[in-house]
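# Secondary and tertiary structure notes
One-letter residues, chain by chain:
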Amino acid sequence: MASSSDSTSTIRSGYVVLKTKGVFTSWIWKRKWLVLKQETLEIRKSQNSSRPQSIIKLKELKTVERTDLKPCCVLLETKNKRYFLDLKTDNELYGWQDDIYNRSPLGASLPFNFVHNKHVGFDSLSGNFTGLPEEWSKVLSITSPSREDYAKGPEPILALCNKNKTLAPAIDSKRSSLVSFSVSCQSSHIDKLNSE
(Lines give C-alpha, C1' and ligand atoms only; values in the text may rest on other atoms or scores of the structure.)
Protein backbone atom coordinates (compact mmCIF):
# COMPACT_ATOMS: atom_id res chain seq x y z
CA MET A 1 0.00 0.00 0.00
CA ALA A 2 1.24 3.43 -0.93
CA SER A 3 0.87 6.48 1.25
CA SER A 4 1.53 9.14 -1.33
CA SER A 5 -0.68 12.09 -2.13
CA ASP A 6 -0.39 11.26 -5.85
CA SER A 7 -3.95 10.77 -7.18
CA THR A 8 -2.95 7.53 -8.98
CA SER A 9 -1.27 5.86 -5.99
CA THR A 10 -3.19 3.13 -4.20
CA ILE A 11 -4.04 4.04 -0.59
CA ARG A 12 -5.82 0.78 0.26
CA SER A 13 -7.13 -2.22 -1.65
CA GLY A 14 -8.90 -5.45 -0.82
CA TYR A 15 -11.95 -7.64 -1.22
CA VAL A 16 -15.29 -6.57 0.23
CA VAL A 17 -18.83 -7.80 -0.24
CA LEU A 18 -20.71 -4.99 -1.96
CA LYS A 19 -24.35 -4.14 -2.48
CA THR A 20 -25.49 -1.10 -4.44
CA LYS A 21 -28.81 0.66 -4.58
CA GLY A 22 -29.53 2.93 -7.49
CA VAL A 23 -32.10 3.42 -10.22
CA PHE A 24 -31.10 0.31 -12.21
CA THR A 25 -29.29 -1.81 -9.64
CA SER A 26 -30.25 -4.85 -7.63
CA TRP A 27 -30.05 -5.70 -3.94
CA ILE A 28 -27.67 -8.63 -4.42
CA TRP A 29 -24.43 -8.76 -2.42
CA LYS A 30 -21.37 -9.41 -4.63
CA ARG A 31 -17.71 -9.91 -3.78
CA LYS A 32 -15.64 -7.11 -5.37
CA TRP A 33 -12.07 -5.84 -5.28
CA LEU A 34 -11.87 -2.20 -4.16
CA VAL A 35 -8.97 0.13 -4.88
CA LEU A 36 -8.92 3.38 -2.93
CA LYS A 37 -6.90 6.20 -4.45
CA GLN A 38 -6.53 9.80 -3.31
CA GLU A 39 -9.59 11.01 -5.28
CA THR A 40 -11.47 7.84 -6.28
CA LEU A 41 -12.70 4.45 -5.11
CA GLU A 42 -12.52 1.87 -7.90
CA ILE A 43 -14.82 -1.15 -7.88
CA ARG A 44 -13.33 -4.09 -9.76
CA LYS A 45 -14.61 -7.58 -10.47
CA SER A 46 -11.46 -9.17 -9.03
CA GLN A 47 -7.93 -8.38 -7.94
CA ASN A 48 -6.67 -9.31 -11.42
CA SER A 49 -9.14 -7.10 -13.32
CA SER A 50 -7.31 -4.59 -15.48
CA ARG A 51 -10.11 -2.01 -15.48
CA PRO A 52 -12.67 -0.92 -12.89
CA GLN A 53 -16.35 -1.76 -13.37
CA SER A 54 -17.27 1.47 -11.61
CA ILE A 55 -15.53 4.49 -10.11
CA ILE A 56 -16.80 6.55 -7.18
CA LYS A 57 -15.42 10.08 -7.10
CA LEU A 58 -14.73 10.77 -3.43
CA LYS A 59 -15.59 14.47 -3.86
CA GLU A 60 -19.18 13.38 -4.68
CA LEU A 61 -19.73 11.46 -1.42
CA LYS A 62 -22.55 12.82 0.74
CA THR A 63 -22.41 10.10 3.43
CA VAL A 64 -19.71 7.81 4.83
CA GLU A 65 -21.00 6.03 7.93
CA ARG A 66 -21.35 2.71 9.65
CA THR A 67 -24.74 1.12 9.22
CA ASP A 68 -26.42 -1.80 10.97
CA LEU A 69 -27.43 -3.55 7.73
CA LYS A 70 -24.73 -6.14 8.55
CA PRO A 71 -22.37 -6.37 11.58
CA CYS A 72 -19.40 -4.67 9.84
CA CYS A 73 -21.06 -2.55 7.17
CA VAL A 74 -20.27 0.94 5.83
CA LEU A 75 -22.66 3.07 3.78
CA LEU A 76 -21.22 5.29 1.04
CA GLU A 77 -23.76 7.60 -0.55
CA THR A 78 -23.51 9.89 -3.56
CA LYS A 79 -26.26 12.05 -5.04
CA ASN A 80 -27.68 9.16 -7.09
CA LYS A 81 -26.43 5.92 -5.56
CA ARG A 82 -25.85 4.08 -2.28
CA TYR A 83 -23.05 1.56 -1.76
CA PHE A 84 -22.98 -0.86 1.17
CA LEU A 85 -19.57 -2.37 1.98
CA ASP A 86 -19.64 -5.52 4.12
CA LEU A 87 -16.27 -6.07 5.79
CA LYS A 88 -14.93 -8.91 7.94
CA THR A 89 -13.85 -7.11 11.13
CA ASP A 90 -14.29 -3.82 12.98
CA ASN A 91 -10.63 -2.96 12.33
CA GLU A 92 -11.09 -3.49 8.60
CA LEU A 93 -14.34 -1.49 8.68
CA TYR A 94 -12.77 1.49 10.49
CA GLY A 95 -9.68 1.38 8.27
CA TRP A 96 -11.77 1.69 5.10
CA GLN A 97 -14.23 4.13 6.65
CA ASP A 98 -11.51 6.46 7.98
CA ASP A 99 -9.46 6.35 4.76
CA ILE A 100 -12.49 7.10 2.57
CA TYR A 101 -13.97 9.72 4.91
CA ASN A 102 -10.68 11.60 5.29
CA ARG A 103 -10.35 11.92 1.49
CA SER A 104 -13.94 13.05 0.94
CA PRO A 105 -15.29 16.59 1.44
CA LEU A 106 -16.89 15.28 4.67
CA GLY A 107 -13.49 14.77 6.28
CA ALA A 108 -11.98 18.10 5.25
CA SER A 109 -12.20 19.51 8.78
CA LEU A 110 -10.90 16.43 10.62
CA PRO A 111 -7.57 16.46 12.45
CA PHE A 112 -4.58 15.27 10.40
CA ASN A 113 -3.46 11.66 11.06
CA PHE A 114 -6.53 10.87 13.17
CA VAL A 115 -6.33 7.45 14.81
CA HIS A 116 -9.43 5.54 15.93
CA ASN A 117 -8.15 4.07 19.24
CA LYS A 118 -11.37 2.93 20.89
CA HIS A 119 -14.74 1.85 19.58
CA VAL A 120 -17.60 1.45 21.98
CA GLY A 121 -20.72 -0.35 20.80
CA PHE A 122 -24.07 -1.21 22.33
CA ASP A 123 -25.41 -4.77 22.25
CA SER A 124 -29.19 -4.40 22.06
CA LEU A 125 -29.72 -8.08 22.99
CA SER A 126 -27.84 -7.92 26.29
CA GLY A 127 -28.42 -4.19 26.90
CA ASN A 128 -24.70 -3.72 27.58
CA PHE A 129 -21.93 -1.65 26.06
CA THR A 130 -19.07 -3.46 24.33
CA GLY A 131 -15.47 -2.24 24.19
CA LEU A 132 -15.70 0.12 27.15
CA PRO A 133 -12.49 0.91 29.04
CA GLU A 134 -12.53 -0.73 32.50
CA GLU A 135 -12.90 2.59 34.34
CA TRP A 136 -15.99 3.52 32.33
CA SER A 137 -17.53 0.07 32.93
CA LYS A 138 -17.12 0.62 36.68
CA VAL A 139 -18.71 4.05 36.49
CA LEU A 140 -21.71 2.76 34.52
CA SER A 141 -22.20 -0.29 36.74
CA ILE A 142 -22.31 1.89 39.87
CA THR A 143 -24.58 4.61 38.44
CA SER A 144 -26.97 2.18 36.69
CA PRO A 145 -28.36 4.50 33.98
CA SER A 146 -31.63 3.46 32.32
CA ARG A 147 -32.17 2.79 28.61
CA GLU A 148 -33.95 6.16 28.44
CA ASP A 149 -30.84 7.84 29.86
CA TYR A 150 -28.68 6.20 27.17
CA ALA A 151 -31.07 7.29 24.43
CA LYS A 152 -30.80 10.95 25.53
CA GLY A 153 -27.06 11.07 24.80
CA PRO A 154 -23.95 11.52 26.94
CA GLU A 155 -25.09 14.44 29.12
CA PRO A 156 -27.53 12.50 31.39
CA ILE A 157 -24.98 9.69 31.79
CA LEU A 158 -22.24 12.15 32.79
CA ALA A 159 -24.65 13.89 35.19
CA LEU A 160 -25.38 10.55 36.89
CA CYS A 161 -21.68 9.74 37.07
CA ASN A 162 -20.78 13.15 38.48
CA LYS A 163 -23.35 12.78 41.31
CA ASN A 164 -21.14 10.16 42.91
CA LYS A 165 -17.98 12.00 44.07
CA THR A 166 -15.98 8.75 44.43
CA LEU A 167 -16.22 8.27 40.66
CA ALA A 168 -14.80 11.70 39.78
CA PRO A 169 -11.14 10.56 39.45
CA ALA A 170 -12.10 7.73 37.07
CA ILE A 171 -14.28 10.04 34.98
CA ASP A 172 -11.67 12.83 34.84
CA SER A 173 -8.82 10.44 33.94
CA LYS A 174 -10.81 9.01 31.03
CA ARG A 175 -11.92 12.44 29.79
CA SER A 176 -8.32 13.53 29.51
CA SER A 177 -7.08 10.32 27.87
CA LEU A 178 -9.87 9.81 25.35
CA VAL A 179 -10.37 12.47 22.72
CA SER A 180 -13.66 10.94 21.61
CA PHE A 181 -15.50 7.72 21.42
CA SER A 182 -18.46 6.62 19.38
CA VAL A 183 -21.35 4.67 20.79
CA SER A 184 -24.20 3.39 18.71
CA CYS A 185 -27.25 2.69 20.80
CA GLN A 186 -29.96 1.22 18.58
CA SER A 187 -31.29 4.19 16.59
CA SER A 188 -29.68 6.93 18.66
CA HIS A 189 -25.98 7.78 18.50
CA ILE A 190 -23.67 9.30 21.06
CA ASP A 191 -21.29 10.81 18.53
CA LYS A 192 -18.52 12.42 20.52
CA LEU A 193 -17.45 12.91 24.09
CA ASN A 194 -14.69 15.50 24.04
CA SER A 195 -12.33 16.21 26.85
CA GLU A 196 -13.13 19.36 28.74
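Everything in this summary refers to the structure shown in the same document. Since we're looking at a predicted model, the values are computed, not measured. (Residues numbered from 1 in each chain as written. Predicted model: local features only at pLDDT ≥ 70, side-chain atom pairs only at ≥ 80, totals over all residues. Heavy atoms only, no water.)

### Thoughts on the overall build of the protein
Here is the rule we go by: A run of DSSP states H or I qualifies as a helix once it reaches four residues; a run of E qualifies as a strand once it reaches two. Both are numbered from the N-terminal end. Note on exposure labels: buried denotes an accessible area under 20% of the residue type's maximum, exposed denotes more than 50%, and partly exposed covers the range between, all computed with a 1.4 Å probe on protein chains only. The contact criterion used is simple: two residues touch if any of their non-hydrogen atoms lie within 4.5 Å. Accessible areas in this description were obtained via Shrake-Rupley with a 1.4 Å probe; residue shielding takes into account the shown protein chains only.
The number of helices and strands found in the protein is five helices and eleven strands. A buried classification covers 39% of the 196 residues belonging to the protein. For the protein, the proportion of contacts with a sequence separation of at least 24, taken over those separated by at least 6, is 40%. Carbon together with sulfur atoms contributes 48% to the accessible area of the protein, which is approximately 11,900 Å² in total.

### Examining the sheet that holds strand 7 (residues 82-86)
Stated precisely, the cut-off is as follows: Pairing between strands is defined by DSSP: at least two bridges between the two strands are required. For every element, the axis is a line fit to its C-alpha atoms; helices are fit only across the contacting stretch, and the angle between N-to-C directions ranges from 0 to 180 degrees.
The strand order across the open sheet formed by seven strands is 4-3-2-1-7-6-5, and the pairing between neighbours is antiparallel. With one partner strand each, in any of the chains shown, strand 4 (54-57) and strand 5 (63-67) form the two edges of the open sheet. Between one strand axis and the next, the sheet turns through 35° on average, direction left out of account. Alignment of strand 5 against strand 6 (residues 73-77), held across five bridges, turns out to be antiparallel. Bridge pairing in strand 6 links Glu65 to Leu75. Relative to strand 1 (residues 10-21), helix 1 (residues 90-103) is tilted by about 100°, and along the sheet it contacts strand 1, strand 2 (30-37), strand 3 (40-44), strand 5, strand 6 and strand 7.

### Structural notes on the side chain of Arg12
The test is simple: For the purposes of these results, a polar contact is taken to be a pair of N or O atoms within 3.5 Å, where, inside protein, one atom must be able to donate a hydrogen and its partner to accept one; residues adjacent in sequence count only when each atom of the pair is a side-chain atom.
Checked against the element boundaries, Arg12 lands in strand 1. Residue classification places Arg12 among the buried positions, given a relative accessible area of 18%. Side chain to side chain, Arg12 and Asp99 meet in a polar contact 2.8 Å long.

### Observations regarding the packing of aromatic side chains
Test applied: Under the pairing criterion, centres of Phe, Tyr and Trp rings, with the six-membered ring standing for Trp, must be within 6.5 Å; the plane angle then separates stacked pairs below 30 degrees from edge-to-face pairs above 60, leaving the rest tilted. Put simply, a charge is over a ring when the Lys NZ or the Arg CZ is close to the ring centre, within 6 Å, and near the line of the ring normal, within 35 degrees.
Counting across every chain of the model gives one aromatic pair. Ring geometry for Tyr15 against Trp33: centres 4.8 Å apart, planes inclined by 75°, an arrangement best described as edge-to-face. With a gap of 18 residues between them, Tyr15 in strand 1 and Trp33 in strand 2 connect regions that are remote in the sequence. The aromatic ring of Trp96 is capped on one face by Arg12, whose charged end is 5.5 Å from the ring centroid. Of note, Arg31 hangs over the ring of Tyr15, and the distance from its end group to the ring centre comes to 3.7 Å.

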